Amino acid sequence: MTDTRRYWLVKTDASSFSWTDLWASPKRTTRWDGVRNYQARNMLRDGMKRGDLVFFYHSNFDPSAIVGICEVVREGYPDPTAFDRKDDHFDPKSDPAAPTWISVDLRAVAPFRKPLALPELRGVKGLEKMELLRKGSRLSVMPVTPKEWAVVTALAE
DNA sequence: GCCAACGTTGGC
DNA sequence: GCCAACGTTGGC
């Protein structure tokens, strides 16, 4: 059996949208919107497929940590907040006929029993090249290799 | 709160 | 097309 599923990590500032918020959402599902970085956008648009699994990461937190796993339940579609004048993420340059920004829907799968804090992940064998741990890494959506996924989920057990 | 790293903007 | 200035992210 071949596993073609891909793995990802999304960052969120827990003060704006946290794991608890996701868990409390209808069907434990939310629209992942407001991403305004082209590299991240490309992964939302081209990379993420239904059924892909995603680490949910709290940034700007004490400590910043991976707190759970969610799943892609709807693949890329135009991010409506880009067209909403009243939204913080409104982008007047984005043309509704050729949308610049993309959303996916994510559904919570399960929280980690214990959050995996950033300092805890540093130095773990097998995670040396993990994008999250790279100095200066600011991507809010990033790929995770199957090996990294296995290492991190094993730590969470 | 500080500041390094990074992406974007805009003058030229 | 270069690059300085600026704004933002996010670890610490």
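For the structure itself, consult the block above.
Numbers given to residues run from 1 along each chain, matching the order in which its sequence is written. For this description, chains carry letters from A and ligands carry numbers from 1, given in the order in which they are written. Restriction of local features to residues with pLDDT of at least 70 applies here, the model being predicted, together with a cutoff of 80 or more for giving and counting side-chain atom pairs; totals for whole chains, interfaces and linings are based on all residues. Water and hydrogen atoms were dropped before computing side-chain values, which therefore reflect all heavy atoms in the structure.

1. A word on the protein's contact with DNA strand C
Step number 1: By convention in this text, a residue qualifies as near a molecule or strand provided that one of its non-hydrogen atoms is within 4 Å of it. The local shell around DNA strand C consists of Lys11, Tyr57, Ser59, Asn60, Ser64, Leu118, Arg122 and Arg138.
Step number 2: Close to the protein, within 4 Å, the atoms of DNA strand C are drawn from sugar and phosphate at a rate of 67%.
Step number 3: Polar contact is defined as a pair of N or O atoms within 3.5 Å, subject to the rule that within protein one atom must be able to donate a hydrogen and the other to accept it, and that residues adjacent in sequence are counted only when both atoms are side-chain atoms. Between a phosphate oxygen of DNA strand C and a side-chain N or O atom of Arg122, the distance comes to 3.5 Å.
Step number 4: One of the side-chain N or O atoms of Arg138 is found 2.4 Å from a base oxygen in DNA strand C.
Step number 5: Throughout this entry, Asp, Glu, Lys and Arg are counted as charged residues, while Ala, Val, Leu, Ile, Met, Phe, Trp, Tyr, Cys and Pro are counted as nonpolar. The remaining residues, Gly among them, count as polar. Residues of the surface near DNA strand C, tallied by class, amount to 2 nonpolar, 3 polar and 3 charged.

2. Remarks on the sheet that holds strand β2 (residues 29-32)
Step number 1: Pairing is mixed across the open sheet formed by 6 strands, whose spatial order is β2-β5-β4-β3-β1-β6. The two strands at the open ends of the sheet, each matched to only one other strand, are β2 and β6 (141-144). Ignoring which end each strand starts from, the neighbouring axes of this sheet average 40° apart.
Step number 2: Pairing between two strands is assigned when DSSP locates at least 2 bridges connecting them. Helix and strand definitions here come from DSSP, where helices need a minimum of 4 consecutive H or I residues and strands a minimum of 2 consecutive E residues; each element is numbered from the N-terminal end. Relative to strand β4 (residues 65-78), strand β3 (residues 53-59) runs antiparallel, the two sharing 6 bridges. For His58, the partnering residue across the bridge sits in β4 and is Ala65.
Step number 3: Packing against the sheet, helix α2 (residues 38-47) makes contact with β1 (7-13), β4, β5 (102-117) and β6, and its axis sits at approximately 60° to β6.
Step number 4: We call two residues contacting when some pair of their heavy atoms lies within 4.5 Å. Convention adopted: a line fitted to C-alpha atoms gives each axis, helices being fitted over their contacting stretch, and angles between N-to-C directions are expressed from 0 to 180 degrees. This element, helix α4 (residues 146-156), spans β1, β3, β4, β5 and β6 of the sheet and lies at about 45° to β5.

3. So, the pairing of β5
Step number 1: Relative to β5, β2 runs antiparallel, the two sharing 4 bridges. Across the sheet, residue Arg31 finds its bridge partner in β5, namely Asp105.

4. Looking at the pattern of salt bridges
Step number 1: For this analysis, a salt bridge means a side-chain nitrogen from Lys or Arg found within 4 Å of a carboxyl oxygen belonging to Asp or Glu. Considering all chains together, one arrives at 8 salt bridges under this definition.
Step number 2: A salt bridge links Lys93 to Asp91; the shortest N-O distance between them is 3.7 Å.
Step number 3: For Lys93, a relative accessible area of 72% corresponds to the exposed category. Throughout this description, buried means an accessible area under 20% of the type-specific maximum (1.4 Å probe, protein chains only), exposed means over 50%, and partly exposed covers the range between.

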